[in-house]
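Topology and contacts: notes
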Amino acid sequence: MKLLIDDANIERIKHICEFYPIDGVTTNPSILAKEGRNPYLVLKEIREFIGPDAELHAQVISLTAEEMVKEGRHMVEILGEKAKTFIKIPTIPEGLKAMRMLSREGYKVTATAIYNPLQAYLAAKSGADYAAPYINRIDNLGSNGIQVARTMQDIFVSSGYKTRILAASFKNSLQVQELCESGIRAVTVAPDVIEGLIKHPCVDSADVTFVHDFENLCGEGKTMLNCEPNK
Ligand code: E4P
């Protein structure tokens, strides 16, 4: 399962990439707005840092198909890396039309704002490379986000669509784990939730105990690097 960062803050992205195996970065207009700077400056900075092989997802703002297509082409022209720059398009009727047009032109498309499996079915038929269900937002509407993603996956597999799921909108580790178990192809997760994937008080205390026991044996500050008998 691919793991992407759902954020546009370059310092947080750098921090997460230093420690975690990351496949790319996703943004949306609200995430970019939080940075308070020109969106292209922010996106170009992210691309430069993650390199040409990582995925970068950025969303169109327009609400008509023709304008979405123009915007998508322009974004890729500015950001480059056509094979790794995904144009995020809301899965509304105008969006489906834009997805068909852009995918025919060889652009990578992420169908976003997916709340039910039939939106995903339509996005897949419209040529989207990824379909992004909003797990936590679906949960907050009284439905089950994980189940929606699983149903989407069943539709894609049974109909042979190449579209992959890029699950988005997470608030906790369990949501990520359940999708991992279900064989979902990609998730995009905010930095605090990524850090939560590995946090556990038992892991920390085991680590402290190991260091303590080893230092009792070999001396303070000693590791396997400097504990040979002749040192
Ligand atoms: C990604 O495509 C979505 O824009 C994002 O994950 C939404 O997350 P939120 O529900 O935490 O805002």
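Values in this document were obtained by computation on a predicted structure and should not be read as measured data.

Now for the site of the ligand. The ligand sits among D6, N28, K88, T112, Y134, R137, A168, S169 and K171. Here an oxygen atom of the ligand sits 2.7 Å away from a polar atom, N or O, in the side chain of K88. R137 is positioned with one of its side-chain polar atoms (N or O) 2.7 Å from an oxygen atom of the ligand. Across the complex, the protein chains shield 83% of the 350 Å² of accessible surface that the ligand would expose by itself. With respect to the detected pockets, the ligand is housed in the largest pocket. Tallied by class, residues from the shell around the ligand come to two nonpolar, three polar and four charged.

The next subject is the layout of surface pockets. Taken as a whole, the largest pocket holds about 410 Å³ of empty space. Lining the largest pocket we find 20 residues, and of these D6, N28, I31, K34 and K171 sit closest to its centre. Where the lining of the largest pocket is concerned, the elements lending two or more residues are α2 (29–35), α7 (135–140) and α10 (191–196). Split into classes, the residues belonging to the lining of the largest pocket amount to six nonpolar, six polar and eight charged. Those elements giving two or more residues to the lining of the second largest pocket turn out to be α2, α3 (39–50), β3 (55–59) and α4 (65–79). The leading source of residues in the lining of the second largest pocket is α3, at three residues. Of the residues belonging to the lining of the second largest pocket, the class tally is eight nonpolar, two polar and one charged.

Now for the nonpolar core. In terms of nonpolar packing, the biggest core is built from 58 residues, with I46, I89, F170 and L179 touching the most fellow members. Contacts of I46, omitting those with residues within four sequence positions, involve D7, A8, I10, I13, V25, T27 and L56. Among the nonpolar cores identified, the runner-up in size contains five residues, and L4, F86, Y130 and L166 belong to it.

Here we take up the pairing of strand β6 (residues 130–133). Neither face of β6 is left uncovered, since the one carrying Y130 and A132 and the one carrying A131 and P133 both have all their residues buried. The pairing of strand β5 (residues 108–114) with β6 spans three bridges and is classified as parallel. If you follow T110 over to β6, its bridge partner there is Y130. With helix α6 (residues 117–125) bridging β5 and the parallel β6, this β-α-β connection has right-handed handedness. When β6 meets strand β7 (residues 164–167), the two strands line up parallel, connected through two bridges. Looking at β7, one finds that Y130 is bridged to R164.

On to the domain arrangement of the protein, then. Its domain assignment divides the protein into domain 1 (2–191) and domain 2 (200–231). In this structure, domain 1 and domain 2 have C-alpha centres spaced 43 Å apart.

Turning next to α3. An ideal rise of 1.5 Å per residue puts 16 Å on 12 residues; α3 measures up with 16 Å between its terminal C-alpha atoms. Listed in full, the buried residues belonging to α3 are V42, L43, I46, R47 and I50. Projected onto a plane normal to the axis of α3, the buried residues spread over an arc of 135° and lie on a single side. Residues of α3 that are exposed and point more than 90 degrees away from the buried face comprise L41 and E48. The inward-facing, buried residues of α3 contact α1 (10–19), β2 (24–26), α2, β3, α4 and β4 (85–90). Measuring from the side-chain oxygen of the N-cap residue of α3 to the backbone nitrogen of Y40 gives 2.8 Å; that N-cap residue is N38. Looking one or two residues past α3, G51 carries a phi angle of roughly 85°, positive in sign.

Cut-off values and rules
- Residues numbered from 1 in each chain as written.
- Predicted model: local features only at pLDDT ≥ 70, side-chain atom pairs only at ≥ 80, totals over all residues.
- Heavy atoms only, no water.
- Near = heavy atom within 4 Å.
- Polar contact = N/O pair within 3.5 Å; in protein donor to acceptor, adjacent residues only side chain to side chain.
- Areas by Shrake-Rupley, 256 points an atom, 1.4 Å probe, with all protein chains shown as cover.
- 1 Å grid on protein atoms, 1.4 Å probe; cavity = no way out; pocket = protein on both sides within 12 Å on 5 of 7 lines; lining within 4 Å.
- Sits in = over half its atoms within 2 Å of the grid points.
- Nonpolar A, V, L, I, M, F, W, Y, C, P; charged D, E, K, R; others polar.
- Points joined across faces, edges and corners; volume = space filled by probe spheres on them.
- Helix = DSSP H or I, 4+ residues; strand = E, 2+ residues; numbered from the N terminus.
- Core = buried A, V, L, I, M, F, W, Y, C linked by side-chain atoms within 4.5 Å.
- Buried < 20%, exposed > 50% of the residue type's maximum accessible area, 1.4 Å probe, protein only.
- Contact = heavy atoms within 4.5 Å.
- Pairing = 2+ DSSP bridges.
- Right-handed = clockwise from strand over helix to strand, strands pointing away.
- Domains from an automatic or database assignment.
- Expected span 1.5 Å × (residues − 1).
- Arc of directions from axis to C-beta.

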